[in-house]
Amino acid sequence: MNRVCVLICGAAVFCMNGAAAESEPAQVWRVVAMRSAATADAAVPLPPLAAVTSTDTGGQTWQQSGEIGGSLEAALKEFAVALGAAGWGLDKTIMLGRLSSRSGLTVWNRGRQRVLLMLWEKEAGTCGFAWGRE
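Let us look at the structure shown here. (Residues numbered from 1 in each chain as written. Predicted model: local features only at pLDDT ≥ 70, side-chain atom pairs only at ≥ 80, totals over all residues. Heavy atoms only, no water.)

With respect to the pattern of salt bridges
So, point 1. Per the stated rule, a full pass over the model turns up four salt bridges.
So, point 2. Notably, a salt bridge pairs Arg-102 with Glu-73, separated by 2.4 Å at the nearest N-O pair. Of this pair, Arg-102 sits in strand β4 (residues 102-110) while Glu-73 sits in helix α3 (residues 72-85), and the two are 29 residues apart along the sequence.
So, point 3. Assessed through its relative accessible area of 36%, Glu-73 is described here as partly exposed.
So, point 4. Each of Glu-73, Arg-102 and Glu-121 takes part in one network of salt bridges that share partners. (Salt bridge = Lys/Arg side-chain N within 4 Å of Asp/Glu carboxyl O. Helix = DSSP H or I, 4+ residues; strand = E, 2+ residues; numbered from the N terminus. Buried < 20%, exposed > 50% of the residue type's maximum accessible area, 1.4 Å probe, protein only.)

Listed below in structure tokens is the structure:
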């Protein structure tokens, strides 16, 4: 009788393990690309009237460039409002050139992230811009 009890108990445990294995979903492994700090927050807020003309996520040049209406000072103020609203702080400003053709570089920080923004006058009332991450 002892052998019969052991066989019945063994069969019951075997059936329970099989039923449990069928009720549990199979584990599926997949490879997920790691997100770096640069890709985690790739977008820099732009002023509403800024028009992006090119984008490059390769990291070898400016990530975005485009045009915005207004003088150099007005464009700089528009970018300051947009970036400041998103938590970016102005670190440095370097203005270059003469009155007829001026440009400016600004460095913005948010946490450990750093963005370089370049603005230049293309013609009267139109400025170009480009930004990239350090």
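And the narrative resumes.
Examining the side chain of Ser-65
So, point 1. Within the secondary structure, Ser-65 sits in strand β2 (residues 64-69).
So, point 2. By relative accessible area, Ser-65 is classed as buried at 17%.
So, point 3. Within polar-contact distance, the side chain of Ser-65 engages the side chain of Ser-54 at 2.5 Å.
So, point 4. Aside from chain neighbours lying at most four places away, what touches Ser-65 is Ala-51, Val-52, Thr-53, Ser-54, Phe-129 and Ala-130. (Polar contact = N/O pair within 3.5 Å; in protein donor to acceptor, adjacent residues only side chain to side chain. Contact = heavy atoms within 4.5 Å.)

Some words on the nonpolar core
So, point 1. Counting residues in hydrophobic clusters, the biggest one holds 15 residues, and the most contacted among them are Ile-68, Phe-79, Leu-83, Leu-117, Leu-119 and Phe-129.
So, point 2. Secondary-structure elements contributing two or more residues to this core are α3, β5 (113-123) and β6 (126-133).
So, point 3. Ranked by residue count, the leading element in this core is α3, at four residues.
So, point 4. Discounting chain neighbours no more than four positions away, the residues touching Leu-119 are Leu-72, Ala-75, Leu-76, Phe-79, Ser-103, Gly-104, Gly-128 and Phe-129. (Core = buried A, V, L, I, M, F, W, Y, C linked by side-chain atoms within 4.5 Å.)

Some details on the sheet that holds β5
So, point 1. One open sheet accounts for six strands, arranged β1-β2-β6-β5-β4-β3; its pairing is antiparallel. A strand with exactly one partner marks an edge of an open sheet, and here the two such strands are β1 (51-55) and β3 (89-97). Each strand axis lies, on average, 20 degrees off the axis of its neighbour in the sheet, ignoring direction.
So, point 2. Direction of pairing for β5 relative to β6: antiparallel, over a ladder of eight bridges. Across the sheet, Met-118 pairs through a bridge with Ala-130, a residue of β6. (Pairing = 2+ DSSP bridges. Axes fitted to C-alpha atoms, helices over the stretch in contact; angles between N-to-C directions.)

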